[in-house]
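Here is what each chain is made of, one letter per residue.
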Amino acid sequence: MKKALLAATVVASALTAALITAPAANAGDRSAIPFTEATVTAGADGSFTLEWKAPGTRRVEIKANGKVVARGGAQGRAVVTGLPAADRQWFDFKPQHGQGLRLADRLVKLDGTANFRDAGGYRTSTGQWVRMGEVYRSDALNKLTANDLAKLRRLHVRTVFDLRMEDERTKDADKVPAGAAYVVADVFAGSGSFQTMPRTPDEAVKAMVDAERAMVSGAGGKKAYAQVLESIERDRDRSVLFHCTAGKDRTGWANAALLTALGVPRQTVEADYLASNDYRRAANDAILSHLPAQQAAVYKPLLDVRPEYLNAGYDEVRATYGSFDRYLKDGLGIDARELKQLKKDLLVG
């Protein structure tokens, strides 16, 4: 552990002197979270890269398993190695003044999924942070192993929302951890989406854009996302998991709606949405590599997530409801009291 601390602080301490006099983000509020950025990234070799920015803070100390593994100044980057194996490795970021953060790598590694992620760990426009370990998003769960299911039990996954269509659910039935409630929340129920296969790349893009709009204003989408958000707001014993087949479109809008409701900036929401391209790259490349070039060109827009897809959802919100708050209230039935409770439960700072 001493070697891990030494290796971690070499990089972090070098940044301290130049940043020690940076102005405080909230100089009058010592209880606020001073971190403007903070991330944990797990490496394939078992290492963890920790990065942070906390303007106005002279010292930051980071613990794992109750032991200090890194120290630095207002801005730092540390690579930590030698930690014991764990379902998720948590790090406590503690600034000299103000409230700290408890963070883990966003990806939860399972044998049977490629895109199982924590929905939290993001900063809102007001300087609060979305708690991690409360809400998860994923691709299909039909390939989960016994070890995966045991891990999800240890992560306290208690409710699973299946956003897929009936034929998807029938063909690849979910495996859920023992004791968890399984809830069907079919986003495209009755919508007619994806009934015919696009014939050109442009048709494929249009299909994805139209599907995103249907998620917002279609009856199935409104009902499904209302179920998900209401459950997250009501359930004091989370964790809640929602998923579709690839964990990128229906699941992507579910998380975009949640993060937007919590006050996470649009740019951050988009980055979370587009991250599916990275997490699913190997799986998508494998699919495309087995197709003729012309067919692969049509399939690629269906496998991608693109800014124009997400933007279509927000455009539909604006066109149909006028504002996101009205979408929450009139489309999903989330009133001001429920939204306040959701923020109280899921935000820190």
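Refer to the structure presented above.
Overview of the structure. Just so we're clear, the structure is a prediction, and the values are computed from it rather than from any experiment. (Residues numbered from 1 in each chain as written. Predicted model: local features only at pLDDT ≥ 70, side-chain atom pairs only at ≥ 80, totals over all residues. Heavy atoms only, no water.)

### Observations regarding the layout of surface pockets
We apply this condition: Grid spacing is 1 Å over the protein atoms alone, the probe is 1.4 Å, and a cavity is where that probe fits but cannot get out, while a pocket is an open set with protein on both sides within 12 Å along at least five of seven lines and lining residues have an atom within 4 Å of a point. Grid points are joined across faces, edges and corners, and a volume is the space filled by probe spheres set on the points. Helix and strand assignments follow DSSP, with helices taken as H or I runs no shorter than four residues and strands as E runs no shorter than two, numbered in order from the N terminus. Residue type decides the class: Asp, Glu, Lys and Arg count as charged, Ala, Val, Leu, Ile, Met, Phe, Trp, Tyr, Cys and Pro as nonpolar, and the leftover types, Gly among them, as polar.
Space inside the largest pocket adds up to approximately 1200 Å³. If you trace the largest pocket, you find 37 residues lining it, with Glu-168, Thr-245, Ala-246, Arg-250 and Leu-303 closest to the centre. Only helix H4 (166-171), helix H5 (201-217), helix H10 (281-289) and helix H11 (293-303) provide two or more residues apiece to the lining of the largest pocket. Its residues placed into classes, the lining of the largest pocket shows 18 nonpolar, seven polar and 12 charged.

### Considerations on the environment of Phe-188
To be explicit about the condition: With a 1.4 Å probe rolled over the protein chains alone, any residue whose accessible area is under 20% of its type maximum counts as buried; one over 50% counts as exposed, and the rest are partly exposed.
Within the secondary structure, Phe-188 sits in the loop between strand E12 (181-184) and H5. Overall, the relative accessible area of 5% leaves Phe-188 in the buried class. C-alpha of Phe-188 to C-alpha of Lys-223: the two residues are 35 residues apart in sequence and 9.9 Å apart in space.

### Here's the deal with the sheet that holds strand E13 (residues 240-243)
Basically, it comes down to this: Two strands make a pair as long as DSSP finds a minimum of two bridges between them. Pairs of residues are marked as contacts when any of their non-hydrogen atoms sit within 4.5 Å. Comment: axis = line fitted to C-alpha atoms, over the contacting stretch for helices; angle = value between 0 and 180 degrees taken between N-to-C directions.
Reading across the sheet, the five strands line up as E8-E10-E13-E11-E12 and stay open at both edges, with mixed pairing between neighbours. This sheet does not close on itself; its edge strands, each paired only once, are strand E8 (117-118) and E12. Its contacts with the sheet put helix H7 (residues 250-262) on strand E10 (135-138) and E13, and the angle it makes with E10 is roughly 155°.

### Some details on the pattern of salt bridges
Rule in force here: The rule for a salt bridge is simple: a side-chain nitrogen of Lys or Arg has to be within 4 Å of a carboxyl oxygen of Asp or Glu.
A complete count under the given rule lists 23 salt bridges for this structure. The salt bridge involving Arg-154 is made with Asp-87; its shortest N-O contact spans 2.5 Å. A residue pair is termed long-range when its members are at least 10 positions apart, and Arg-154 in helix H3 (residues 146-154) and Asp-87 in the loop between strand E5 (75-80) and strand E6 (91-95) qualify at 67 residues. Between Lys-300 and Asp-304 there is a salt bridge, and its shortest N-O distance comes to 2.9 Å. The exposure class of Lys-300 is partly exposed, given its relative accessible area of 38%. Members of the salt-bridge network, linked through shared partners, are Arg-117, Arg-137 and Asp-272.

None of the figures reported here should be taken as evidence of function without further support.
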